[in-house]
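Residue-level structural notes
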Amino acid sequence: LAPTSSKEKDSYRRHLCDFNWLHQGFDRGPKMSAEDTTEILEGTEEYMAAVNDLKSQIAKLEAEVEQLRNKESKESILGSMAIQKGLSSPFTTLKERRTLTGHYGRIYGMQWSRTGKNIVSAAQDGKLIVWNAFYSHLLYVIKLHSTWVMTCGYSPDNEHVASGGLDNNCTIWRLGDKKYHQAAVLRRHDGYLSAVEYKSKDEVITSSGDKSCILWNLGDSSPKVKRGFYGHKGDISAISVDPQDENLLVSGGGTSKLWDVRQKEAVMTFRDAEADVAAVDFMAGAKAFVSGDEKGSCRLYDLRSYRTVARYDVKGSVTCVEFSRTGRFFFAGYDDPNCRVWSTLDTGEVKDSSCQTLQGHMNRVSCLGVEPEEGKALATGDWGVDWYSKICIWSP
């Protein structure tokens, strides 16, 4: 530090002179005068002043960067552009049209068939039920080996359903003429099964609490592991396959990762979630996906710009998300217990006219799905109260 008082300056000059005198004994250089020491001292003061000025500028710039970063994380780019262009988000009204009852435990997973007629649901009463969604009929009631089921899936050919949970296995069931039988058991994970999704009728992807995802080949006589996806540092809670490109999938855990089945490592990693990611879903044909975390934030990511383009916040925890067929809206389930309909043109606030709250459940909305054929119906499942759980069918 540069000397400030007169005494410190005099002392500093004497030390410089003594040092110069000692230095002469080695290189026989000229003795430093008092004027030289004064110039050095003044130069030191100017140097230290310049350093302090630069430090203050750096601190100011760092504060501005942090302020802009916080503003950007809360800003909806799509919402801002919609306001500038004068685009409106029309209010969409969904009403409860059907109620499916038959489970006597918490419903943890459900999925529509590709034809949009049937629904498969899994609950912790140890049952896997296949429903006719529009007539509320039970088509199959499958008794599982473990009551601790957490997920289920429907094959594209409508001939198989899958289930998994705390037994660490994925069980494939074949549906016949009012009968069913176990077709295969996929054993490889070392942790609970959190999600299962069919990539095609002969390929299925599973995610697990062992921090991995596995792509299985079901085409052979005995199922085989086609490849694994490793890179998450914690439990993987959800997966979603791109409807337009089956080679791409996104997984959610502590972070969200984009995978290409043709590459060994993750293609992209999104780390800006403030809590564990509980749900993810691809937007069809848009190179974008939405994620929901346990702090109530949904984020819309654009893969081309590799960034968040919109954020939608609600107090609570997000449990499930899914886009509408067109991608104009997406649906999010919460533990408050409500399902909310968001427009991708929203500014991310509940007061937006396009944000509708679907109130029909008494407990956490644990799963939801959009009817894939026409996209005109939404199904939501809950944990229920006193072991009475249900699936609600919503439509305009």
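First, a word on what this report is: a plain description of the structure on this page. (Residues numbered from 1 in each chain as written. Predicted model: local features only at pLDDT ≥ 70, side-chain atom pairs only at ≥ 80, totals over all residues. Heavy atoms only, no water.)

1. Quick look at the overall build of the protein
- Counting secondary structure elements, the protein contains 3 helices and 28 strands.
- Residues classed as buried in the protein amount to 48% of the 396 residues present.
- Taking the contacts inside the protein whose residues are at least 6 apart along the sequence as the reference set, 45% of them involve residues at least 24 apart.
- Total accessible area computed for the protein in this model is approximately 20500 Å², and 50% of it derives from carbon and sulfur atoms. (Helix = DSSP H or I, 4+ residues; strand = E, 2+ residues; numbered from the N terminus. Buried < 20%, exposed > 50% of the residue type's maximum accessible area, 1.4 Å probe, protein only. Contact = heavy atoms within 4.5 Å. Areas by Shrake-Rupley, 256 points an atom, 1.4 Å probe, with all protein chains shown as cover.)

2. Notes on the nonpolar core
- Formed by 19 residues in total, the largest nonpolar core has its most connected members in Cys298, Leu300, Phe330 and Trp342.
- Listed by contribution, the elements that provide at least two residues to this core are strand 18 (277-283), strand 19 (288-293), strand 20 (297-302), strand 21 (307-313), strand 22 (318-323) and strand 23 (329-334).
- Ile107, Ile119, Ala377 and Ala379 belong to the second-largest nonpolar core, a separate cluster that totals 14 residues. (Core = buried A, V, L, I, M, F, W, Y, C linked by side-chain atoms within 4.5 Å.)

3. Things to note about the pairing of strand 7 (residues 160-165)
- Burial runs high along strand 7: 6 of the 6 residues are buried.
- Residues His160, Ala162 and Gly164 line one face of strand 7 and the alternating positions Val161, Ser163 and Gly165 line the opposite face, and both faces are buried.
- Bridge count for strand 6 (residues 149-154) against strand 7 is 5 bridges, and the pairing is antiparallel. Of the residues in strand 7, the one forming a bridge with Val149 is Gly165.
- Between the end of strand 6 and the start of strand 7, which pair antiparallel, lie 5 residues, with Asn158 showing a positive phi angle near 65 degrees.
- Two strands pair when backbone bridges link them, and strand 7 and strand 8 (residues 169-175) are joined in this way by 5 bridges, in the antiparallel orientation. Residue pairing across strands places Ser163 opposite Thr171, the latter belonging to strand 8.
- Following strand 7, the chain reverses through 3 residues before pairing antiparallel with strand 8; Asn168 in that reversal takes a positive phi of roughly 70 degrees. (Pairing = 2+ DSSP bridges.)

4. Thoughts on the pattern of salt bridges
- Applying the stated rule across the entire model yields 11 salt bridges.
- Two residues, Arg174 and Glu159, come together in a salt bridge whose shortest N-O distance is 3.5 Å. With Arg174 in strand 8 and Glu159 in the loop between strand 6 and strand 7, this pair connects stretches of sequence that are 15 residues apart.
- Where Glu203 meets Lys226, a salt bridge forms, and the shortest distance between an N and an O atom there is 2.5 Å. With Glu203 in strand 11 (residues 203-208) and Lys226 in strand 13 (residues 224-230), this pair connects stretches of sequence that are 23 residues apart. (Salt bridge = Lys/Arg side-chain N within 4 Å of Asp/Glu carboxyl O.)

5. Here's the deal with the sheet that holds strand 15 (residues 248-252)
- Taken together, the 4 strands give an open sheet; going across it, the order is 14-15-16-17, and neighbouring strands pair in antiparallel fashion. The outermost strands of the open sheet, each flanked by one partner alone, are strand 14 (238-241) and strand 17 (268-270). Shown here is a sheet whose adjacent strand axes are inclined to one another by a mean of 15 degrees, direction ignored.
- In terms of strand pairing, strand 16 (residues 256-260) meets strand 17 through 3 bridges, oriented antiparallel. Looking at strand 17, one finds that Lys257 is bridged to Thr269. (Axes fitted to C-alpha atoms, helices over the stretch in contact; angles between N-to-C directions.)

6. Some details on the sheet that holds strand 9 (residues 180-187)
- Read from one edge to the other, the open sheet built from 4 strands follows the order 6-7-8-9, with strand pairing classed as antiparallel. With partners counted over all chains shown, the strands left at the sheet margins are strand 6 and strand 9, one partner each. Ignoring which end each strand starts from, the neighbouring axes of this sheet average 20 degrees apart.
- As paired elements, strand 8 and strand 9 share 7 bridges and run antiparallel to each other. For Asn169, the partnering residue across the bridge sits in strand 9 and is Arg187.

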